[in-house]
Amino acid sequence: MDLQQLKNRIANSQPLEFCREELFLSQYVWLFVNKYGDSAEDKYREFKLAISRIININPTGIAIVGSSKFGYSLAPNKRFREYNDESDLDLVIVSTQLFSETFKQLRNAYFNGLRFVAKRHSHNYFCGFISIKDEDRPEYQSTYLRETVLMLKEMKTKVSDIFEIENKLNFRIYKTWDDAEKYHVFGTSQLKDSTNEY
C-alpha cells in the first residue's frame, strides 16, 4: 500500500485491529515486495523459517515490523519517514523461553559488574521487551550475553547471505503476543491521533 492508503488504514481502524491484521498477520512486507516481486510472500515465509531454526522457536512467533514492513516508519516521532538504505530491519520475536533466558543473561551480567546493562535495558523491559542491536555486539561479545550475541551474528549472516539484505538487524524479544500487541497498539494510537498533522 502507498503512504496515503497506509494513513487511511490507520485513521479508519482501531489500533488493535490494525496491528493484528496489517502488522502481524499480513504477509505483506514492503522490503520483500520491492526486492522479490511476486515471490515476496514465499520469501517472507522462508525468512521466518530460517530465523526460527536459528533461535529454535515456532516461525509464527516472528514478524518484520518498522519501515521494512510498510516502506514507511510507524514510529510516532519519525512522522512516516520513508525507508532508506540506513533503515534497520526490525524483528518482533515472541518466545517466553527466549525472553526468560535473555533476561537471565542480562541480570547475570549486571550482578557481575556490567552496571550499564540495567540502564540500557530497563525502559525496554518495562515496555515488555528486550532489545539487542547490532551495535551492542562488541560490548557483549565476551560477557554473559555471548550466546545472544552469537545468535544475532548468525541471524545477520543468514539474512545477508541468503536474502541479500544488508541493513542493520535489530530484534525485540517479547514474552507473549499480548506484550507485543500492547507496545505496538500504544505507538499506533499515538500515530493515529496525529495522522492528520502529517
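Treat the numbers as computed from the prediction; the structure is a model and nothing was measured. (Residues numbered from 1 in each chain as written. Predicted model: local features only at pLDDT ≥ 70, side-chain atom pairs only at ≥ 80, totals over all residues. Heavy atoms only, no water.)

Focus: helix α9 (residues 146-163)
Worth spelling out the cut-off: A helix here means a DSSP run of H or I that spans at least four residues, while a strand means a run of E at least two residues long, and both kinds are numbered starting from the N terminus. Working rule for helices: expected span equals 1.5 Å times residues minus one. When a residue's accessible area, from a 1.4 Å probe over protein chains only, is under 20% of the maximum for its type it is buried; when over 50% it is exposed; and in between it is partly exposed. By arc we mean the arc of the directions from the helix axis to the C-beta atoms, nothing more.
With 18 residues, α9 should cover 26 Å at 1.5 Å per step; its first-to-last C-alpha distance of 25 Å lies within 8% of that length. Three or more residues of α9 are buried, namely Thr-148, Val-149, Met-151, Leu-152, Met-155, Lys-156, Val-159, Ser-160 and Phe-163. On an axial view of α9, the arc spanned by its buried residues comes to 165 degrees, and they lie on one face. Facing away from the buried side of α9 by over 90 degrees, the exposed positions are Glu-147 and Asp-161. Remark: Glu-164 follows α9 within two positions and exhibits a positive phi of approximately 55 degrees.

Some remarks on the packing of helix α6 (residues 96-111) against helix α7 (residues 116-126)
Our working definition: Whenever a helix is involved, its axis is fitted only over the stretch in contact; in every case the axis is a line through C-alpha atoms, and angles between N-to-C directions fall within 0 to 180 degrees. If an angle is under 35 degrees, it is roughly parallel; if it is over 145, roughly antiparallel; if it lies from 65 to 115, roughly perpendicular; otherwise it is oblique. Left-handed is the label given to a crossing in which the near helix is rotated counterclockwise from the far helix by less than a right angle, and right-handed is the label when the rotation is clockwise. Note on definitions: a residue-residue contact is assigned when non-hydrogen atoms from the two residues lie within 4.5 Å. Basically, the charged four are Asp, Glu, Lys and Arg, the nonpolar ten are Ala, Val, Leu, Ile, Met, Phe, Trp, Tyr, Cys and Pro, and anything else, Gly included, counts as polar.
Close contact between α6 and α7 brings their axes to 10 Å; oriented N to C, the two are set at 150 degrees. In terms of their interaxial angle, α6 and α7 are classed as roughly antiparallel. For the pair α6 and α7, the sense of crossing is left-handed. Note on element contacts: α7 touches α6 through Val-117, Ala-118, His-121 and Tyr-125, opposite Phe-99, Phe-103, Leu-106, Ala-109 and Tyr-110. Of the residues that constitute the contact of α6 with α7, the class distribution is 8 nonpolar, 1 polar and no charged.

Considerations on the layout of surface pockets
Operational definition: Using protein atoms alone on a 1 Å grid, points that fit a 1.4 Å probe yet trap it form a cavity, whereas open point sets bounded by protein on both sides within 12 Å along at least five of seven lines form a pocket; residues with an atom within 4 Å of a point count as lining. Grid points are joined across faces, edges and corners, and a volume is the space filled by probe spheres set on the points.
The space that makes up the largest pocket amounts to roughly 1100 Å³. The biggest single contributor to the lining of the largest pocket is helix α10 (residues 177-194), with 8 residues. Residue composition of the lining of the largest pocket, by class: 12 nonpolar, 16 polar and 12 charged. In this structure, the second largest pocket occupies an estimated 220 Å³ of space. Together, 13 residues line the second largest pocket, and Ile-55, Leu-98, Glu-101, Glu-147 and Met-151 are the ones closest to its centre. Put simply, the parts of the chain that give the lining of the second largest pocket at least two residues each are α4 (40-55), α6 and α9. The element that contributes the greatest number of residues to the lining of the second largest pocket is α6, accounting for 5 residues. Residue composition of the lining of the second largest pocket, by class: 5 nonpolar, 6 polar and 2 charged.

Section: unusual backbone geometry
Even without being glycine, Phe-80 reaches a positive phi, approximately 60 degrees. In this fold, Phe-80 is placed in the loop between α5 (67-70) and β2 (89-94). Classification of Phe-80 by relative accessible area gives buried; the value is 5%. The phi dihedral of Glu-164 falls on the positive side, at around 55 degrees, and the residue is not glycine. As for its position among the elements, Glu-164 is in the loop between α9 and β4 (169-174). On the accessibility criterion, Glu-164 (54% relative accessible area) is exposed.

Some words on α10
Over its 18 residues, α10 extends 26 Å from the first C-alpha to the last, a length consistent with the 26 Å expected when each residue adds 1.5 Å. All buried positions along α10 are accounted for by Ala-180, Glu-181, His-184, Val-185, Gly-187, Thr-188, Leu-191 and Ser-194. Those residues of α10 that are buried are in contact with α1 (3-11), α2 (15-25), β1 (62-65), β2 and β4.

Limitation: the analysis is restricted to geometry and does not speak to function.
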